[in-house]
Structure formats: structure tokens, C-alpha cells
Amino acid sequence: QVQLVESGGGSVQAGGSLRLSCAASGLTSSNMYCMGWFRQAPGKEREGIATIQDDGITNYADSVNGRFTIAQNNAKNTLYLIMDSLKPEDTAMYYCAKWPRAGGYCAVYVPDFGYWGQGTQVTVSS
């Protein structure tokens, strides 16, 4: 079975840090792929945060560039999002996802098709 499980969310004051993890199982890494982090605040559309692809290339949304880092341990099949200098506007449910890469760059857009985790809540207070 295919499963993505996020963890590491919680409540933190502005300026603090959190590290989110996404454990993937039942997924092959043999083909070209994208993995990414997304977030959704109440009443808002789901938005892309950062992506990483099979060859290690990363891409970040302007809102988090310089503050967040995406990384993957391929041997452990785990995706990370290291979040520093958190702001109240970062408050959202955070999701990880995996989807196929059709030879191009993994842009920070919500994919049309892919596997998603259940989400982990991040709350940043001022």
C-alpha cells in the first residue's frame, strides 16, 4: 500500500523553528519523480512551499525562500522540511506529496495527480 505520513508539527512562537518529516512507504524511486511540501490555511487555497526531484534539484516559493529548506534521505525514504524564522502567516496544515515527473522541472504548483499525506498542523503565534 502507498502511504505518506507527516509528523513534526506543533505550536511555536514567531521566530522559532520546526522540522517536519514525511515517511513514505509503498512508493518506488526507480522513475523520475517530484516530492514536495504544501500548506493550506483556513479559507485559503492549498499552496506549494517547496519541491525536490529525483536528481536533487529543489525549488521554493518566494514566501519561504531563505527560511525553509527541503531535503530527502533517499535511503530512508523520508522527506524533510526545515523551517526557520517562522512567522504567524506560516500557520497552516502542512502536507507532503509525491507525483511523477515527466522530464521537466518540479515547479512549486499543486500537482494534478499524486499521493498525499494526512497533514500536520503548524501554528505560529505572535
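Scroll up to find the structure.
> An account of the environment of Val12 is requested, with residue identities and associated values reported.
Looking at the element boundaries, Val12 is found in strand E2 (residues 10–13). With a relative accessible area of 16%, Val12 lands in the buried category. Taking the C-alpha atoms as reference points, Val12 and Thr91, 79 residues apart in sequence, are found 9.7 Å from one another. When sequence neighbours within four positions are dropped, the list of residues in contact with Val12 reads Ser17, Leu18, Leu86, Thr123, Val124 and Ser125.

> Can you lay out the pattern of salt bridges for me, pointing to particular residues and giving the numbers?
Two side chains with opposite charge may pair up if their charged atoms get near one another. According to the stated counting rule, one finds 4 salt bridges in the structure shown. A salt bridge links Asp90 to Arg39; its shortest N-O distance comes to 2.9 Å. Here Arg39 lies in strand E4 (residues 33–40) and Asp90 lies in the loop between strand E8 (78–83) and strand E9 (92–100), a separation of 51 residues in the sequence. Among the ionic pairs, Arg101 bridges to Asp54, the shortest N-O distance being 2.9 Å. Highlighted residues: Arg101 in the loop between E9 and strand E10 (115–116) and Asp54 in the loop between strand E5 (47–53) and strand E6 (58–60), separated in sequence by 47 residues. Salt bridges sharing partners connect three or more residues here, namely Arg39, Glu47, Arg67 and Asp90.

> Quick rundown of the pairing of strand E11 (residues 120–125)? Include the residues and the values.
Only one face of E11 is covered, namely the face carrying Thr120, Val122 and Val124; the face carrying Gln121, Thr123 and Ser125 is uncovered. Both E2 and E11 contribute to a ladder of 4 bridges, which runs parallel. Counted as the bridge partner of Val12 is Val124 from E11. Relative to E11, E9 runs antiparallel, the two sharing 3 bridges. The residue bridging Tyr94 from the neighbouring strand is Thr120, located in E11.

> If you had to explain the nonpolar core to someone new, which residues and values would you point to?
If you look at the biggest cluster of nonpolar residues, it comprises 27 residues, and the most contacted ones within it are Trp37, Ile49, Phe68, Leu79, Leu81, Met83 and Tyr94. Listed by contribution, the elements that provide at least two residues to this core are strand E3 (18–25), E4, E5, strand E7 (68–73), E8, E9 and E11. The leading source of residues in this core is E3, at 4 residues. Residues Cys34, Phe38, Ala97 and Cys106 belong to the second largest nonpolar core, which totals 5 residues.

> Summarise the packing of aromatic side chains; cite the residues concerned and give the values.
What the rule picks out here adds up to 3 aromatic pairs. Ring plane angle 55° and centroid distance 5.0 Å describe the contact between Phe38 and Trp116, whose orientation is recorded as tilted. Linking Phe38 in strand E4 with Trp116 in strand E10, this pair joins segments that are 78 residues apart in sequence. Here the aromatic cluster, defined as three or more aromatic residues joined through ring pairs, consists of Phe38, Trp99 and Trp116. Over the ring of Tyr95 we find Arg46; its NZ or CZ atom is 3.9 Å from the centre of that ring.

> Got a sec to walk through the state of the cysteines? Specific residues and values, please.
Under the criterion given, the structure shown has 2 disulfides. Covalently, Cys22 is tied to Cys96 through a disulfide, its sulfur atoms 2.0 Å apart. Between Cys22 and Cys96, the disulfide has an S-S torsion of 55° and is therefore right-handed. Residue Cys22 is found in strand E3, and its partner Cys96 is found in strand E9; the two are separated by 74 residues along the sequence. On the basis of relative accessible area, Cys96 is assigned to the buried category, the value being 0%. Disulfide pairing is shown between Cys34 and Cys106; the S-S distance is 1.9 Å. Judged by the torsion about the S-S bond (-80°), the Cys34/Cys106 disulfide is left-handed.

Cut-off values and rules
Residues numbered from 1 in each chain as written. Predicted model: local features only at pLDDT ≥ 70, side-chain atom pairs only at ≥ 80, totals over all residues. Heavy atoms only, no water. Helix = DSSP H or I, 4+ residues; strand = E, 2+ residues; numbered from the N terminus. Buried < 20%, exposed > 50% of the residue type's maximum accessible area, 1.4 Å probe, protein only. Contact = heavy atoms within 4.5 Å. Salt bridge = Lys/Arg side-chain N within 4 Å of Asp/Glu carboxyl O. Pairing = 2+ DSSP bridges. Core = buried A, V, L, I, M, F, W, Y, C linked by side-chain atoms within 4.5 Å. Phe/Tyr/Trp six-rings, centres within 6.5 Å; stacked < 30°, edge-to-face > 60°. Lys NZ or Arg CZ within 6 Å of the ring centre and 35° of its normal. Disulfide = S-S within 2.5 Å.

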